[in-house]
Amino acid sequence: MAGLNNKVSEWGRYLTFQGLFRGMYCLHARKPVQEHKVLFVEVREPQISNSFQLLYKKLKKDGRYRIHVHYLRSGFVSRLEYTRRCTAMLKDLADAKYVFLNEGCNVIGSIPMRKETILTQTWHACGAFKKFGFSTAELKYGKTAEEMKQYPYYGNTTYVTLSSPEITWAYEEAMQLGGRPGCMQPTGISRTDVFFHSAYRKKAYEHVKQCVPFAKGKKVILYAPTFRGQASKALSPDCLDAAMLKKALGHEYVLLCKHHPFVSQPPVIPPDCRDFAKDVTKELSIDELLCVSDICISDYSSLVFEYSLFTRPMLFYAYDLEDYFDWRGFYYDFHELAPGPVVRSNEEIIDYILHIEERFDRARVQRFREKFMASCDGHATERILKLVLGEEKSCER
């Protein structure tokens, strides 16, 4: 019975992709390309994410471009609603000159896209940490290689913006875009530009004081783990002991927790710790928190690449390292990559922070930054727009 259901599901997907999606696109692609039409496509997020915000604002301010935004909400709406959103997006995309994506989308990757359209993948993260895309084929996290090839998530890509030339190989592997000259572009990542704006950093500090009054006069520890499991059913780790950290560090620090946006039920801060710790997931953006934090505790999240721009201490709370490696895997050896101590217990976290003055290796973080964030200097957005809008021809697809 399971085999029959799988066959039905497989045929349903084939008809949707090869019939409905391809047909909708090809029907409307008969119209001439609109030279100043721009599409931003959010695959999961319900609003313009930080990957697009600066690009969107600059194009809007320019005034010459007709900007359309589509929110597909993959994994967060019913299959029928997702299909409806995809067909509406494809109809709109069919005569667009410019398309921006920030993650994989097999709906766009599988259509016979016209040569005039320039598709730029800004991606939503920096560096190359945990594996994604085709690099996860046959792993627990990923799909089969056959399915990924049949419905490619990164097909039709013209440009991929990178945080550094160092990671080109990883993105070529993950997106199956090797052998395409000019496709991988180490322009820097647009969303990192805000970290170089003093006005943005000042505003971030003011917002934190407003949201977390008890942080006044204290140093900030940011705890920002990535999720576990699949995105649609994301879970957040719950092994950080706020009470233990408060007892040891509460006289000098506050703890701000920022869970991944896909997590619907994050761990609850104990009542007797709410003068020390706060879950600010819904109140403060990750970019604001990176600006104001004195120490960052993460695990396998790529946000450590952005945080390295500030050359501040990081800890990697990797208590489930072996399980996570089996689930998803990494592009680099985890212990060699991490620009800070890899710890497995709350006691180790406390011990490091209590001795942070003598143990923090600033040069190690600087080397990490130079290797993985070399192209991020506050001017990535303007380089990306110059690359995309100033190019008459797309690279070979």
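Quick summary incoming for the structure in this document. Numbers given for residues are sequential positions, taken from 1 along each chain in its written order. Side-chain atom pairs in this predicted model are given and counted only at pLDDT of 80 or more, local residue features only at pLDDT of at least 70, and totals for whole chains, interfaces and linings cover all residues. For side-chain calculations, the full set of non-hydrogen atoms in the structure is used, while hydrogens and water are omitted.

### Looking at the pattern of salt bridges
At step 1: A pair is scored as a salt bridge if a Lys or Arg side-chain nitrogen falls within 4 Å of a carboxyl oxygen belonging to Asp or Glu. Per the stated rule, a full pass over the model turns up 19 salt bridges.
At step 2: Measuring nitrogen to oxygen at the nearest pair gives 3.0 Å for the salt bridge that ties Glu252 to Lys219. Within this pair, whereas Glu252 is found in the loop between helix 8 (242–249) and strand 8 (253–257), its partner Lys219 is found in strand 7 (residues 219–223), the two being separated by 33 residues in sequence.
At step 3: Relative accessibility thresholds used throughout: buried, under 20% of the residue-type maximum; exposed, over 50%; partly exposed, between the two (1.4 Å probe, protein chains only). When its relative accessible area of 32% is taken as the criterion, Glu252 is described as partly exposed. Under the scheme used here, helices are H or I runs from DSSP no shorter than 4 residues and strands are E runs no shorter than 2 residues, and both carry numbers assigned from the N terminus.

### What to know about the environment of Gly75
At step 1: By the element assignment, Gly75 lies in the loop between strand 2 (66–71) and helix 3 (79–93).
At step 2: When the C-alpha atoms of Gly75 and Tyr154 are compared, they prove to be 18 Å apart, with 79 residues separating the residues in sequence.

### Observations regarding the nonpolar core
At step 1: Remark: nonpolar core denotes a set of buried residues (Ala, Val, Leu, Ile, Met, Phe, Trp, Tyr, Cys) joined through side-chain atoms within 4.5 Å. In this structure, Tyr171, Met175 and Leu255 are the most contacted members of the largest nonpolar core, which totals 86 residues.
At step 2: Listed in part, the 24 residues of the second largest apolar core include Phe17, Tyr82, Ala94 and Ala96.

### A look at the packing of aromatic side chains
At step 1: For Phe, Tyr and Trp, where Trp contributes only its six-membered ring, two rings pair if their centres lie within 6.5 Å, and the inter-plane angle classes them as stacked under 30 degrees, edge-to-face over 60, or tilted in between. On inspection of all chains with the given rule, the structure shows 33 aromatic pairs.
At step 2: Arranged with centres 5.0 Å apart and planes meeting at 15°, the rings of Phe40 and Phe100 form a pair that is stacked. Of this pair, Phe40 sits in strand 1 (residues 34–42) while Phe100 sits in strand 3 (residues 96–101), placing them 60 residues apart in sequence. The burial state of Phe40 is the same as that of Phe100; both residues are buried.
At step 3: Between Trp169 and Tyr331, the ring centres sit 5.8 Å apart and the planes meet at 85°, which makes this aromatic pair edge-to-face.

### Focus: the state of the cysteines
At step 1: Cysteine sulfur atoms are paired as a disulfide whenever they fall within 2.5 Å. For the structure on display, the rule yields 0 disulfides.
At step 2: Here Cys273 stays unpaired: no disulfide links it, and the sulfur of Cys257, its closest cysteine neighbor, is 10 Å away.
At step 3: Note on Cys273: relative accessible area 1%, which makes it buried.
At step 4: Here Cys296 is not disulfide-linked; the sulfur of Cys257 is the nearest cysteine sulfur, at 11 Å.
At step 5: The exposure class assigned to Cys296 is buried, which follows from its relative accessible area of 1%.

### Looking at the sheet that holds strand 1
At step 1: One bridge is not enough; two strands pair if DSSP finds at least two bridges between them. The parallel open sheet is built from 6 strands, whose spatial order is 2-1-3-4-5-6. The strands lining the two open edges of the sheet, one partner per strand, are strand 2 and strand 6 (184–185).
At step 2: Two strands pair when backbone bridges link them, and strand 4 (residues 118–121) and strand 5 (residues 159–161) are joined in this way by 2 bridges, in the parallel orientation. Residue pairing in the sheet places Gln121 in a bridge with Val160 of strand 5.
At step 3: Working rule for contacts: check all heavy atoms of both residues, and any pair within 4.5 Å makes them a contact. Axis lines are fitted through C-alpha atoms, for helices just across the contact stretch, and the angle between N-to-C directions can take any value from 0 to 180 degrees. This element, helix 16 (residues 380–389), spans strand 3, strand 4, strand 5 and strand 6 of the sheet and lies at about 145° to strand 3.

### So, the side chain of Asp92
At step 1: Mapped onto the elements of the fold, Asp92 is located in helix 3.
At step 2: Given the relative accessible area of 14%, Asp92 is considered buried.
At step 3: Two N or O atoms form a polar contact when they lie within 3.5 Å of each other; inside protein one atom must be a possible hydrogen donor and the other a possible acceptor, and for residues adjacent in sequence the pair counts only when both atoms belong to side chains. For Asp92, the side chain forms a polar contact with the side chain of His68, separated by 2.7 Å.
At step 4: Of the polar contacts made by the side chain of Asp92, one reaches the side chain of His70; its length is 2.8 Å.
At step 5: Ignoring anything within four residues of it in the chain, the contact list for Asp92 reads Lys37, Leu39, His68 and His70.

### As for the sheet that holds strand 9 (residues 277–279)
At step 1: The strand order 9-8-7-10-11-12 describes an open sheet built from 6 strands, whose pairing is parallel. Across the chains shown, the open sheet's two edge strands, defined by having one partner strand only, are strand 9 and strand 12 (342–343).
At step 2: Across 3 bridges, the pairing between strand 10 (residues 295–298) and strand 11 (residues 314–317) is parallel. Looking at strand 11, one finds that Ser298 is bridged to Phe316.

### Some thoughts on the pairing of strand 10
At step 1: Alternating residues of strand 10 divide into Ile295 and Ile297 and Cys296 and Ser298, and every residue in both groups is buried.
At step 2: Summarising the sheet, strand 7 and strand 10 pair through 3 bridges and their orientation is parallel. Looking at the pairing, Ile221 lines up with Ile295 of strand 10.

No statement about biological role is implied by the geometric values presented.
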